[in-house]
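A structural walkthrough
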Amino acid sequence: MRIALVNVQYHEGNNVFPPLGLLYVAAALQRAGHQCLVIDGDPRRRVGMVEQVVAFRPALVGLSFLTMTWDRARDLARALRASLPEAVLVAGGAHATADPDGTISRLPFDAVVVGEGEEAAAEIAGAVEDGRPLHEIPGVVTATGRGPARLPAPDLDALDFPARDLLGHEPYLRPPGLIRGWASSRIASVLGGRGCPFKCSYCASHQQLGRRVRLRSPGNVRAELSLLQRRDGVRGLYWVDDVFTHDRDWTLATCEAIRPLGLHWGCQSRADAVDGPLLRAMKAAGCVQVDVGVESGSPRLLKAMHKGVKPAQVVEAFDTIHASGLRAGASFILGYPGETEDDILATAALAARIRADWTVFFLATPYPGTELWRRHEGEAAAWPDWGESWNNRVSPGPMIAGPVPPEAVASWRARLQNRHFRRNYLRARNVPFMLRLLGTLPRRPVREAVANWLVDGGRADSVVEAAFSEWRAA
Ligand code: B12
Ligand code: SF4
């Protein structure tokens, strides 16, 4: 059967990584004997996306989207429904998983896949071929009923590698290949395991991938990396695992397995999941950067977020990462409910103290299905409809009002982000690379970025990111 899969993007140039989840689904469909077309793009910018899908003559079309791309998915689904009235339309991904009933009732989909999609998609395709109803399939929700919950895939080694070749891996390997702030190119994204046992109140991760951690064998991971190195000339990678160091023994074994490949890499972790010997083993295996979700410098807010980490642990973790010869990335959340001006000052002080090599400030966003969303659902009438306002980096202010007015929080975010601009972008190693890159960009954004950087609260980082996006998309 012919199946078209679209990852609905916000702005294609932002696309530093291919949509791994959808590519896992495509690989499973191919194994089941289907022919797949995969598109990763912003339907509002990509001219001819609907025509491209229609020309493929698919019997089944799957869309993957997040809360912030919901409005683009809605428009695309409507256009596809009109052009392909016979095709079965299926939704999957973080937003559809969190709000399957809303997705079915408000958008023209025939079915929603809740959680992991490899097996569910293959079973849907089989049912469509045989003319069987979809609503009995585990993990599937339709307007007429829902199947039982589907358990996450127990053996990740049994999955085929993501079908990156269907999309063309090359555009994603162009500079600035992101190990955040470490300017490079030919950086692929890879997933070593799925699931996160922690319960941070603002996080939606567990809904798709569950709380039980499942890990690939180090040999299976190494085989994928060797393939990427051989076939695509990949020189580095970013682990998109929620907490790469959660299982210390696995991390050490994986480091041992991939060390001979000589790849550079970055990963995400937590302040309570790193230690000196582990970090040194990671560095020996090619690690250059560890990104940590710090979130706040206020012990009270960290507690409210159920982060399970105290500011003193954060300081120790960053000192240990730096002492191990690694770069460190830090992300923070501003505008969390109840945040006072003193909390913001504590966050600013912690950000300054830990001297991360890459720092980013997000705004608190109650993504559907998170504890934050459940706690504040009563205020939802004041929130914008799903769509691009749910981007927690560029939204105008936090959605949940607190002691500090939303405009003041947004202004703090801009000031703090700008304060970290130089460390984020203008590091010694990066300068020649950045100059080469900036030489290929039009002069206007370069001048704008410099002008913004010189102003307190200027948006130099947004200018640089937008320029990179345009350049990559061109
Ligand atoms: C890596 C990552 C990124 C990367 C790369 C994204 C990419 N292109 O792959 C970067 C850093 C760019 C990124 C950016 C953002 N991200 Co992000 N990201 C992740 C992360 C950590 C892993 C994604 C991943 O690869 N998962 C592994 C795969 C296997 O899982 P999956 O994608 O969910 O796919 C499976 C199922 O969902 C399902 N499925 C998915 N699509 C489809 C489609 C069909 C048809 C079917 C049948 C099934 C199906 O099957 C897949 C295989 O089992 C997730 C958290 C997480 N653990 O998932 C957050 C997450 C997806 N991101 C999130 C957010 C909010 C963002 C940003 C808005 C943050 C920001 N403001 O910058 C941006 C938006 C990006 C954009 N332009 O769209 C939220 C989404 C919440 C929501 N409700 O929308 C998540 C859940 C984290 C969180 N905060 O809780 N992200
Ligand atoms: S924020 Fe990170 S550590 Fe916390 S629950 Fe989400 S993925 Fe796990």
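Moving on to the sheet that holds strand S14 (residues 327-334). If you trace the six strands from one edge of the open sheet to the other, you get S8-S11-S12-S13-S14-S15, paired in parallel fashion. For this open sheet the edge positions go to strand S8 (187-190) and strand S15 (358-363), each flanked by a neighbour on one side alone. Neighbour-to-neighbour, the strand axes of the sheet open up by a mean angle of 20°, direction not taken into account. Two elements, S14 and S15, share six bridges in a ladder whose sense is parallel. Counted as the bridge partner of Ala 330 is Thr 359 from S15. Running over the sheet, helix H13 (residues 341-354) touches strand S13 (287-295), S14 and S15 and is turned about 175° from S14.

The mixed open sheet is built from seven strands, whose spatial order is S2-S1-S3-S4-S5-S6-S7. The open sheet has two edge strands, strand S2 (35-41) and strand S7 (145-146), and neither has a second partner. With two bridges joining them, strand S4 (residues 88-92) and strand S5 (residues 111-113) adopt parallel strand pairing. From the neighbouring strand, Val 90 faces S5, where its bridge partner is Ala 111.

Here the focus is the packing of helix H1 (residues 20-31) against helix H6 (residues 118-130). Where H1 contacts H6, the two axes come as close as 8 Å, and the packing angle between them is 45°. Classed by the angle they form, the pair H1 and H6 counts as oblique. Pair H1 / H6 crosses with right-handed handedness. Mapping the contact onto sequence places Tyr 24, Val 25, Ala 28 and Leu 29 in H1 and Glu 118, Glu 119, Ala 121, Ala 122 and Ala 125 in H6. Of the residues contributing to the contact of H1 with H6, the split by class is seven nonpolar, no polar and two charged.

By the assigned domains, the chain splits into domain 1 (2-146) and domain 2 (169-426). Distance between the C-alpha centres of domain 1 and domain 2: 27 Å. Across the boundary between the two partners, domain 1 contributes 17 residues, which contact 18 residues of domain 2. When residues of the side of domain 1 that touches domain 2 are traced back to their parent elements, those giving at least two are helix H3 (70-83) and helix H4 (94-98). Counting residues per element, the side of domain 1 that touches domain 2 draws most heavily on H4, at four residues. Across the side of domain 1 that touches domain 2, the residue classes tally to nine nonpolar, five polar and three charged.

Counting residues in hydrophobic clusters, the biggest one holds 119 residues, and the most contacted among them are Leu 5, Ala 26, Leu 63, Ala 111, Val 112, Ile 124 and Leu 237. Formed jointly, this core draws a minimum of three residues from each of two domains, domain 1 (2-146) and domain 2 (169-426). Look past the residues within four positions of Ile 124 in its chain and what remains in contact with it is Val 90, Ala 111, Leu 134, Ile 137 and Val 140. Within the second largest apolar cluster, five residues are counted, among which are Ala 449, Ala 460, Val 463 and Val 464.

Moving on: the environment of Pro 398. Within the element layout of this structure, Pro 398 appears in the loop between helix H14 (371-376) and helix H15 (406-419). Judged by the 25 C-beta atoms lying within 10 Å of it, Pro 398 falls in the buried class. Residues Pro 398 and Ala 364 lie 34 residues apart in sequence; the distance between their C-alpha atoms is 5.6 Å. When sequence neighbours within four positions are dropped, the list of residues in contact with Pro 398 reads Gly 335, Leu 363, Ala 364, Pro 406 and Val 409.

Tracing the backbone through its elements, the reader meets Gln 9 in the loop between strand S1 (2-8) and H1. Placed 180 residues apart in sequence, Gln 9 and Ser 189 show a C-alpha to C-alpha distance of 17 Å.

This part covers the site of ligand 1. Residues in contact with ligand 1 amount to 44 residues; listed here are only the nearest, Gly 21, Gly 62, Ser 64, Gly 92 and Gly 117. Contributions of two or more residues to the shell around ligand 1 are made by H1, strand S3 (60-64), S4, H4, H6 and helix H7 (205-209). Residue contributions to the shell around ligand 1 peak at five residues, all from H1. A per-class count over the shell around ligand 1 returns 24 nonpolar, 16 polar and four charged.

The rules behind these values
Sequence order as written defines residue numbering, which begins from 1 separately in each chain. Ligands are numbered from 1 and chains lettered from A, in the order in which they are written. Where totals are concerned, whole chains, interfaces and linings use all residues; where local detail is concerned, this predicted model gives features only for residues with pLDDT of at least 70, and gives and counts side-chain atom pairs only at 80 or more. Strands are labelled as partners when DSSP assigns at least two bridges between them. A run of H or I in DSSP counts as a helix once it spans at least four residues, and a run of E counts as a strand once it spans at least two, with each numbered from the N terminus. Here an axis means a line fitted to C-alpha atoms, over the contact stretch when the element is a helix, while the angle between two N-to-C directions is reported on a 0 to 180 degree scale. By the criterion used throughout, residues are in contact when their C-beta atoms, derived from the backbone, lie within 7 Å. Any angle that is under 35 degrees is reported as roughly parallel, and any over 145 degrees as roughly antiparallel; angles of 65 to 115 degrees are reported as roughly perpendicular and all others as oblique. What makes a crossing left-handed is the near helix being turned counterclockwise from the far one by less than a right angle; a clockwise turn instead makes it right-handed. Throughout, the ten residues Ala, Val, Leu, Ile, Met, Phe, Trp, Tyr, Cys and Pro are labelled nonpolar, Asp, Glu, Lys and Arg are labelled charged, and all others, Gly among them, are labelled polar. These domain boundaries are the output of an automatic or database domain assignment. In this description, a nonpolar core means buried residues of the types Ala, Val, Leu, Ile, Met, Phe, Trp, Tyr and Cys, linked to one another by C-beta atoms lying within 7 Å. Here a residue counts as buried when 20 or more other C-beta atoms fall within 10 Å of its C-beta, as exposed when 12 or fewer do, and as partly exposed in between; the C-beta atoms come from the backbone. The rule is simple: place the C-beta atom from the backbone, and if it lies within 6 Å of a molecule or strand, the residue is near it.

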